[in-house]
Amino acid sequence: MATAAQQAGVGVQLLTGSEVMANVVRLADVDVITAYPIRPYDTVMQYVSRFISNGEFDADYIPAESEHGQFEIVKHACACGARVFTGSSGVGWLYAMEPLAVTAGLRLPMVALVGCRALDDPGAFGTEHNDAMLVRDLGWLITFPDAAQEVVELGLLAYRVAEDPKVFLPCAIAMDGAFLTHSQATVRLPSQEQVKKFLPPYNRGDMLLHPDNPITIAPQANEDWLMEVRRQSSEAAKRAYTVLKDAHKDFCRIFGESTNPFLDEYMTEDADVVLCGLGTLSLPVKVAIREMRKEGKKVGLVRLKWFRPFPTEELRASLSRFKAVGVVDRDYSFGSPFHGGILLNEVKAALYGLDKQPRVKGFVCGLGGREVLLENVKHMADEILAIAKSGKADTQVEWIGVRG
Amino acid sequence: MSVISFEIVYRGIYQKTLANKISRTLVLAAVKEGKQGISFGRYSDSPERNGIPAKLFGYIADNSEELQAVAAKYEPKQVDVSICVDDTMCKGVESWAWYGLQPITAVTKPGGTLIVTSNYKTDDLVKHIHRRGTPYKLAIVPGGASMAGLWVYKNDGTDARVLGAALKAEPSICSMASLEQAIRENIGGDAHIEAARASFEDTRSDEVKPGQGNTEVPFTFQLLKWTEMREGVVIDGVGGHNNYRDLEGGYEPGRNEVFKKWSTRTMRPVVAFDKCTKCTLCWIACPDTVFDVTPDGYFDANMEACCGCGVCEAICPVSDCITMVNEVVFEDRGSQYLMWKKDAQAYQGYLTDKRKKGKVEKRFPITGLAAAFSGAGLDGGHNLNSAKAKSVKDFK
Ligand code: SF4
Ligand code: SF4
C-alpha cells in the first residue's frame, strides 16, 4: 500500500544525502544561509546555491570568510528571527567552536549539517563521528540519519524541534561523509504543502532582537548568575525529548511515514543479541543480520536516530530485552573507561541501575571512512553471541577492521 | 584568634597596584614570622574598569590547615580589618562582583577596624557610612585618595602609611620589625619605613556605636531563581521615560535599574542654572546619559546615574556653570534642578557652600586621572607632624 508520502509526493528522485538536505532547506523556506567550503559538507552548499541561482528558492546566501564567521553570521540572523541553515565538517566545524558553544548557550535554534569527517591530522576526508560529537555536551541536538530518505524526516524534525519555544536549541544533522553526503539513493520528497502544515514559521517571540523589542542578549554575568542559566539549558534539553516525541507523531500524521521517533530496531523481536550504533552503519549491519539469520543466529540492530536528546528510557526498555549488546562506535574517546568510544560509554551509563542489564561489549569500527564489511559485522555479532552464551562480562573494547 | 583577615576596598585600575602592594606586603610581613598567608582580588571585579569599586583580600594564618579553611573563596564573610583607600567609598560600594550597594563595613567584624585614607574628620565620614547593629572602630590615615596608578605606580607613601595603621589595628599580624623588612623588600627604603612607623604611632581610632551613621537603607537586589529568569541569556532593555520626574514634559532616558553606578563617583557636577544657556553640550557629551531634560529645557544631572567623570564640566562653555565637587561633601542624591526651582536663592547658597568645601581643582576630565599623573596622596592634605617625608618627592 502506498504511503501518504508516496501519494502526495513529487515522485521518486535519485539524490545524495546532501541534496536531500538542500531540498529540506528549500522546503523549510530558510531565510539566511552561510557557507564556507570543506569536504564533505560543501556538497550541500552547491545544491543550495543552485536552487537559488535557478530561481527555485529565495534566501540570503552568504559565503563567509571562515567557519567562525560563517556560524557567527547565522547565529546573529537567528537572533533576529531568521530561519537559518549552515554547516561544516571536521576541523572546519571545530574552527567554529566558539560560535557553536555560544549558539547553544543563547538558545538559538540554528540548524547545521555536519558532514562527518575525520579530524585532521592526518588530513583525511573519511567519516568519523568525533566532529559532531564535540558539541554533545553544549545543548546541541544531534541526529544521525542513516539514509537519504531519512534526511527528510530528521531534517524537518530538526527545524521543528529546535525552533519550538519550549526548546530553542540548535540542531546538528550529522551525516556520514561519502556514504550519505555523496551517495545517491532513491528518495521521495514531500510536497511544499505538507511541509507548511508540519513546520510553523519560526517565531522568536519576546526574545527577538529587534528595535521594537529592546532587549540585551548575553551580558557579562558572574558566578551569581551562570548556574541558573545552565539549569535553564538543561531543562530545555530535557524538554526537547517530549517535544521531539510529539513532533514525530505529527510527522507521521502528515507524511505517513511510521517509525519509532528515537530508535530504528531491525529484527529485534526474537533477537538474543543486538548491535547498536549510529548512521550508515545500519546498512552493512542489516545485510549481515539477514545472512546470519539464515544460519540461525538471532541477531538484531538497534540504531539511535538521535544522540541528543539521548533516548535513555527507550534504550533501557529496548536493550534490557537482550542478553548481550555490542556497541559499535565510529568515533574514539582515547583514555576513556575501557578505552571505548563515546556511544559505548553513554549506552553503558544509560543502562546503569537496570534490574535486568544486558552484557555490553564495545567495538571501534570504520574510522576515517573505512568501510564496515559484512565480515566485520559478523565477527562482532559472533563475539556478542558468545558473550550471551557464556553470560560472562567482557569489558575489552575491540578494534575492528584495523590492520595488525 | 589564629586567622586574621583583611580587605582593601579600592578604585579599579587607579588603585589596583596600591591595594596589591598593601595586601602583599602585609602577608609577606607575617610570613617572615613563620605564618602563612594568601592575598587575592575579588575575582569578579576583574577585568577592572576605571574607578569602579573593587576589593582585595588577605588571610594570615598560623598554619596551612587553618589557611585551607579560608582558601578557594571569593571573599571572606567577615574581616578583622577593612581598609578603604578612597573616602568617597564610605558612601557604599557597588562593584562588578555583586548586585546592590554594599556598606563599606559590610564584612567588617563586630568590633573590627575600618581604616580610611581621608582629609576629613571622623564625624564627616561617619555620617556617610551606613549604620549597623554592631560597633566598629574607625581610623583615619590622613591624605587624599591616592591614585597611584596601575601601570605607572606613582608611589606617594600611601601604601606604607596604611600598612602602619593596619598593624596598629591588628598588632598580632607581626612585629613592626617584620613589617619594616617587608616594606623595604617590597615597597621602598627609609622614607617609606619612616612613614609606616609614623603612621603606626599617630593612628588613633574612634569607636562608632551601633546605630550611628547614615540611615539610608542601601540598595539591595534579589537574585532571581532560574525559573524566574528570562531564557536565552536575555534581559529586558530599558525604555525611555517621556516626562521629567512627575512633571509634564521633559525627558528621562532609560537607565539600568540594578546597577546604579554612582558609587563609582569621586566627585559630582553641580550646575549653576542661572548661568546655563541651554546649549545642550553637557547633555550630548555625558558618556552615561546622566542629564535629564527638564520641561523648560534645562539639563539636570541625575545623581543616581552620574559616574563623576567630569566631561560635562570640561565641555560647558559658560565659566563657573558646571563645577566638579568632591563627593564627600554631599549627603544626598536629590535633584539640583528641583532645588533651584523651589528656591533659587537658597540653591545659590548651597552651590557656594559646596564649592567652597570641595571644589576639585587641577584635574583631567576623567576621574582621578590628574592625581594618577601627578602622584596625589600627600598633596591632598597630608600633614603628619611626626613623619619626615613631607612630599611625594621623598618617596621617589
Ligand atoms: S560627571 Fe560625567 S557622568 Fe556625571 S554628569 Fe558629568 S559627564 Fe555625565
Ligand atoms: S553645557 Fe553648560 S551651558 Fe550648556 S546646557 Fe549644559 S550646563 Fe547649560
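The coordinates are above.
Residues numbered from 1 in each chain as written. Chains lettered and ligands numbered in written order. Predicted model: local features only at pLDDT ≥ 70, side-chain atom pairs only at ≥ 80, totals over all residues. Heavy atoms only, no water.

Moving on, we get to the sheet that holds strand 15 (residues 359-365) of chain A. Residue and element names in this part refer to chain A. Taking strand neighbours across the sheet as the criterion, the six strands line up as 10-12-11-14-15-16 in an open arrangement whose pairing is mixed. Because the sheet does not close on itself, it has two edges, and the strands there are strand 10 (263-266) and strand 16 (398-400). With direction set aside, neighbouring strand axes in the sheet form an average angle of 25 degrees. For strand 14 (residues 324-329) and strand 15, the ladder comprises six bridges, and the chain directions are parallel. In the sheet register, Val 327 faces strand 15, and the bridge partner there is Gly 362. Of the strands in this sheet, strand 11 (273-277), strand 12 (299-304), strand 14 and strand 15 touch helix 13 (residues 342-351), which is tilted by about 145 degrees from strand 14. (Pairing = 2+ DSSP bridges. Helix = DSSP H or I, 4+ residues; strand = E, 2+ residues; numbered from the N terminus. Axes fitted to C-alpha atoms, helices over the stretch in contact; angles between N-to-C directions. Contact = heavy atoms within 4.5 Å.)

The next subject is helix 12 (residues 312-319) of chain A. Because each turn of an α-helix spans 3.6 residues, side chains separated by three or four positions end up pointing in the same direction. Residues and elements named next belong to chain A. Listed as buried for helix 12 are Glu 314, Leu 315, Ser 318 and Leu 319. Each buried residue of helix 12 lies within a common arc of 110 degrees when the element is viewed along its axis, so the set occupies one face. Looking at the buried positions of helix 12, the neighbouring elements they touch are helix 10 (226-255), strand 10, strand 11, strand 12, strand 14 and helix 13. (Buried < 20%, exposed > 50% of the residue type's maximum accessible area, 1.4 Å probe, protein only. Arc of directions from axis to C-beta.)

Attention now goes to the nonpolar core. The biggest cluster of nonpolar side chains holds 116 residues, and the ones touching the most others in it are A:Met21, A:Phe85 and A:Trp140. Examining the composition of this core, we find that 10 residues originate from one element, helix 8 (residues 148-162) of chain A, more than from any other. Those residues in contact with A:Phe85 that lie beyond four places of it in its chain are A:Met21, A:Val25, A:Val30, A:Val32, A:Ile33, A:Thr34, A:Val44, A:Val74, A:Val111, A:Ala112, A:Leu113 and A:Tyr159. Grouped together as the second largest cluster of nonpolar side chains are 36 residues, B:Leu56, B:Val141, B:Ala165 and B:Ile193 included. (Core = buried A, V, L, I, M, F, W, Y, C linked by side-chain atoms within 4.5 Å.)

Moving on, we get to the pattern of salt bridges. As enumerated under the stated definition, the model contains 50 salt bridges over all chains in all. As a salt-bridge pair, A:Glu235 and A:Arg231 come within 2.5 Å of each other at their nearest N and O atoms. With A:Glu235 and A:Arg231 both in helix 10 and four residues apart, the pair spans about one turn of that helix. Judged by relative accessible area, A:Glu235 falls into the buried class, the value being 16%. B:Arg42 serves as the salt-bridge partner of B:Glu75, at 3.2 Å between the closest nitrogen and oxygen. Within this pair, whereas B:Glu75 is found in the loop between helix 2 (64-68) and strand 4 (79-84), its partner B:Arg42 is found in the loop between strand 2 (36-41) and strand 3 (53-61), the two being separated by 33 residues in sequence. Judged by its relative accessible area of 14%, B:Glu75 falls in the buried class. Residue class for B:Arg42 comes out buried when judged on its relative accessible area of 7%. Each of A:Asp146, A:Glu150, A:Asp264, A:Lys286 and A:Arg303 takes part in salt bridges that share partners, so that together they form one network. (Salt bridge = Lys/Arg side-chain N within 4 Å of Asp/Glu carboxyl O.)

Before going further, it helps to spend a moment on the packing of aromatic side chains. Residues and elements named next belong to chain B. Applying the stated rule across the entire model yields 26 aromatic pairs over all chains. Each ring, one from Trp 283 and one from Phe 299, has its centre 5.4 Å from the other, and the planes form 25 degrees; the classification is stacked. Residue Trp 283 is found in helix 7 (residues 281-285), and its partner Phe 299 is found in strand 11 (residues 299-301); the two are separated by 16 residues along the sequence. When its relative accessible area of 7% is taken as the criterion, Phe 299 is described as buried. These aromatic residues form a ring-pair network of at least three members: Tyr 244, Phe 273, Tyr 298, Phe 330, Tyr 337, Trp 340, Tyr 347 and Tyr 350. The side chain of Lys 278 reaches across the aromatic face of Tyr 298, ending 4.5 Å from its centre. (Phe/Tyr/Trp six-rings, centres within 6.5 Å; stacked < 30°, edge-to-face > 60°. Lys NZ or Arg CZ within 6 Å of the ring centre and 35° of its normal.)

Here we take up helix 1 (residues 16-31) of chain B. Residues and elements named next belong to chain B. Given a rise of 1.5 Å per residue, 16 residues ought to cover 22 Å, and the 22 Å separating the end C-alpha atoms of helix 1 matches this to within 8%. Of the residues making up helix 1, those classed as buried are Thr 17, Leu 18, Ala 19, Ile 22, Ser 23, Thr 25, Leu 26, Val 27, Ala 29 and Ala 30. Against the buried residues of helix 1 lie strand 1 (4-11), strand 2, strand 3, strand 4, helix 4 (158-169) and helix 5 (176-186). (Expected span 1.5 Å × (residues − 1).)

On the chain B side, the residues contacting the 22 residues of chain A number 21 residues. Counting the surface lost from both chain A and chain B, the interface buries some 2,000 Å², and carbon and sulfur atoms represent 59% of this. With a closest N to O distance of 3.5 Å, B:Arg230 and A:Asp206 form a salt bridge. Counting every contact that joins chain A to chain B gives 11 residue pairs in polar contact (both at pLDDT 80 or more). When residues of the side of chain A that touches chain B are traced back to their parent elements, those giving at least two are strand 9 (215-217) and helix 10 of chain A. It is helix 10 of chain A that provides the largest number of residues to the side of chain A that touches chain B, a total of six residues. (Buried area = accessible area lost by both parts, 1.4 Å probe. Polar contact = N/O pair within 3.5 Å; in protein donor to acceptor, adjacent residues only side chain to side chain.)

Read these as geometric descriptors, not functional statements.
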